[in-house]
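Coordinate analysis (summary)
Here are the chains, one letter per residue:
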Amino acid sequence: MGSTGKSSPSIGAEGDDSLYPIAVLIDELRNEDVQLRLNSIKKLSTIALALGVERTRTELLPFLTDTIYDEDEVLLALAEQLGSFTVLVGGPEFVHNLLPPLESLATVEETVVRDKAVESLRKISQEHSPVDLEVHFVPLVKRLASGDWFTSRTSACGLFSVCYPRVSSTVKAEIRQHFRTLCSDDTPMVRRAAASKLGEFAKVLELDYVKSDIIPLFTALASDEQDSVRLLAVEAGVSIATLLPQEDLEALVMPTLRQAAEDKSWRVRYMVADKFSELQKAVGPEITKTDLVPAFQNLLKDCEAEVRAAAANKVKVFCENLPEDSRETIIMTHILPCVKCPEVRLNIISNLDCVNEVIGIRQLSQSLLPAIVELAEDAKWRVRLAIIEYMPLLAGQLGVEFFDEKLNSLCMAWLIDHVFAIREAATCNLMKLVEKFGAEWAQNTIVPKVLGMANDSNYLHRMTTLFCINALSGVCGQEITTKHMLPVVLKMSTDQVANVRFNVARCLQKIGPVLDSSALQAEVKPVLEKLATDQDMDVKYFALEAISVLALA
């Protein structure tokens, strides 16, 4: 904001204390140090209090309006301060005095400053009387809306909805006309701003004008040449759909939204997917069945991974909100067959408890099991990892018999995966499964297989046995650990590979607290003492650490 050469607030004779604050403010605002200038703006309310309401109106505000051209952070602080300045200028009766500085701030180049100025203008608009709105606020909005710079026109877009409800019908007509003009502005940034406020503006309009004014604007913006405008129109479309009676939706909104769901730009399709739950609520069950189900299917099968993932995130809510009479049919015939893509399958599996409630576990297991098996062996290790993380949830939903029959072997196969992160997650998964199914199940099903790996020729697999024992000893309890696991760990202390031997020492330290003291003294102590004299430095180190932690010295 450039200086217009107005004089700064008058500073009278020296020693006039009442003028002191403004003098200091002027000095600080002219100081070269940006931090000082920022601090003085942040103290603005204190200065205004010291000056009193009249001098704040007649001296401080004109000074701020005319002389500030500064760093963005100073302007941002000023725009924010002015939003809560009503009391300091004398209350609602004088609130229009705050408009000139905020109008200037709403036209600057930096977006965050403009946005903050608009936010403050929206806030103080509520404090204007209907008369003041028409006399002071609406003219400001019109000036911004027809400004030469796109910056002022974008700011205007955010101000229509706050003044519209409280002005006369003549002024309302002018406001609607200005908004229409901005929706077809030459500058994409302005059309974008208008599209982003279209839904909000529609909410304050009378229903007839929503149909006559907003719908044509929505249709035009949704087929704008810029995809950044089209995707914002989608968001507005969802808001508009909530305002219209059911019988108008199909004709006025759905053709445009159907077109958006097939837009050539993936960003627009992404926005449709992202807003799908809101859209479903807005249009109701019938349109959901006829229009949204096919659109949702296409989004789940979209060629862009981001769109598929956004749609996949909506599977659970979409299924929950389907009309009950046709829910199961739609899910089984339209949604589940789309689970070809990993993102979609993973999402259904991660929401299994909810999907299960909707369609029942038997059908689910038949349609999902092949998908689970395929994902469990997916070439991308991150996909395998995601499936492992859902395994305890799956186990809880499917029950122990089904789990043992279909999924147990998968869980064991992951223990010898070539990626360490998978082996590590698989170990943690076993512990969670034992927490679900109990120690007896572990002893019969898991423990024998884990201990069998101690004789594997690959030392990495032998180490996995130790990692599993670390994880399982606590949940399996003293008896299984002492009787079945401990002998295997002790036997592995003579392994040829040093990495295995030092992991034996670490494992004994970990399971020590589960064992009783006689086993510790009679069996663990001699083995750790032997390892403490090992030629390998690491083995020695971990053995001594275990002896110390378990207080066996």
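These remarks concern the structure in this document. All figures in this text were calculated on a predicted structure; none of them were measured in a lab.

Here we come to the overall build of the protein chain. Helix and strand content of the protein chain: 34 helices and zero strands. On C-alpha atoms alone, the protein chain measures out to a radius of gyration of 35 Å, which is more than a quarter above the 24 Å that the 2.2 N^0.38 rule sets for 553 residues. In terms of overall dimensions, the protein chain has C-alpha extents of about 95 × 70 × 35 Å along its principal axes. Within the protein chain, the fraction of its 553 residues that count as buried is 54%. If you sum the accessible surface of the protein chain, you get close to 24,800 Å²; carbon and sulfur atoms cover 52% of it. Between the mean site of the 56 positive side-chain charges and the mean site of the 76 negative ones, the protein chain shows a separation of 4 Å.

Inspection of the entire model under this criterion finds 12 aromatic pairs. Between the aromatic rings of F160 and F201, the centroid separation amounts to 6.1 Å while the plane-to-plane angle is 55°, which identifies the pairing as tilted. Of this pair, F160 sits in helix α10 (residues 160-163) while F201 sits in helix α12 (residues 188-204); the two residues are 41 residues apart in sequence, bridging distant segments of the chain. Each member of the pair, F160 as well as F201, carries the same accessibility label: buried. In textbook terms, an aromatic cluster arises when at least three aromatic residues are bridged by ring pairs, as seen for F160, Y164, F179 and F201. Positioned above the aromatic ring of F94 is the side chain of R57, whose terminal nitrogen or guanidinium carbon lies 3.7 Å from the ring centre. Cation over ring: R506 sits above F542, and NZ or CZ is 5.0 Å from the ring centre.

What follows concerns helix α11 (residues 169-183). The terminal C-alpha atoms of α11, which comprises 15 residues, lie 21 Å apart, in line with the 21 Å expected from a rise of 1.5 Å per residue. If you follow the buried residues of α11, they end up packed against α8 (130-145), α9 (150-157), α10, α12 and α13 (207-222).

Two elements in contact, helix α33 (residues 517-531) and helix α34 (residues 537-549), have axes separated by 8 Å at closest approach and are oriented at 145°. The way α33 lies across α34 gives a crossing that is left-handed. On the side of α33, the interface is formed by L528, E529 and L531, while α34 contributes V539, K540, A543, A546 and I547. Considering only residue class, the contact of α33 with α34 consists of six nonpolar, no polar and two charged.

What follows deals with the packing of helix α28 (residues 420-437) against helix α29 (residues 439-452). Interaxial distance between α28 and α29 falls to 8 Å at its minimum, and their mutual angle equals 155°. The angle between α28 and α29 places the two elements in the roughly antiparallel class. When you trace α28 past α29, the crossing you get is right-handed. Residues L430, L433, V434 and F437 of α28 lie in contact with α29, whose contacting residues are A439, W441, A442, I446 and V450. Of the residues in the contact of α28 with α29, the class split is nine nonpolar, no polar and no charged.

Considering all chains together, one arrives at 21 salt bridges under this definition. Of the charged contacts in the structure, one is a salt bridge between R180 and D213, with a shortest N-O distance of 2.5 Å. Here R180, found in helix α11, pairs with D213, found in helix α13; they are 33 residues apart in sequence, far enough to count as distant. By relative accessible area, which is 29% here, R180 ends up partly exposed. One salt-bridge network, in which partners are shared between bridges, spans R176, R180 and D213.

With that out of the way, let us pick up helix α2 (residues 34-42). Within α2, burial applies to R37, L38, S40 and I41. Along the axis of α2, the buried positions cluster into a sector of 165°, meaning they face one direction only.

Glancing now at the environment of S326. Tracing the chain through its elements places S326 in helix α21 (residues 324-335). Taking C-alpha positions, S326 is 55 Å from L105, a pair spaced 221 residues apart along the chain.

Rules and cut-offs
- Residues numbered from 1 in each chain as written.
- Predicted model: local features only at pLDDT ≥ 70, side-chain atom pairs only at ≥ 80, totals over all residues.
- Heavy atoms only, no water.
- Helix = DSSP H or I, 4+ residues; strand = E, 2+ residues; numbered from the N terminus.
- Rg over C-alpha atoms; globule rule 2.2 N^0.38 Å.
- Buried < 20%, exposed > 50% of the residue type's maximum accessible area, 1.4 Å probe, protein only.
- Areas by Shrake-Rupley, 256 points an atom, 1.4 Å probe, with all protein chains shown as cover.
- Lys, Arg positive; Asp, Glu negative; His and termini not counted.
- Charge placed at Lys NZ, Arg CZ, Asp CG, Glu CD.
- Phe/Tyr/Trp six-rings, centres within 6.5 Å; stacked < 30°, edge-to-face > 60°.
- Lys NZ or Arg CZ within 6 Å of the ring centre and 35° of its normal.
- Expected span 1.5 Å × (residues − 1).
- Contact = heavy atoms within 4.5 Å.
- Axes fitted to C-alpha atoms, helices over the stretch in contact; angles between N-to-C directions.
- Left-handed = near helix turned anticlockwise from the far one by under 90°.
- Nonpolar A, V, L, I, M, F, W, Y, C, P; charged D, E, K, R; others polar.
- Parallel < 35°, antiparallel > 145°, perpendicular 65-115°, else oblique.
- Salt bridge = Lys/Arg side-chain N within 4 Å of Asp/Glu carboxyl O.
- Arc of directions from axis to C-beta.

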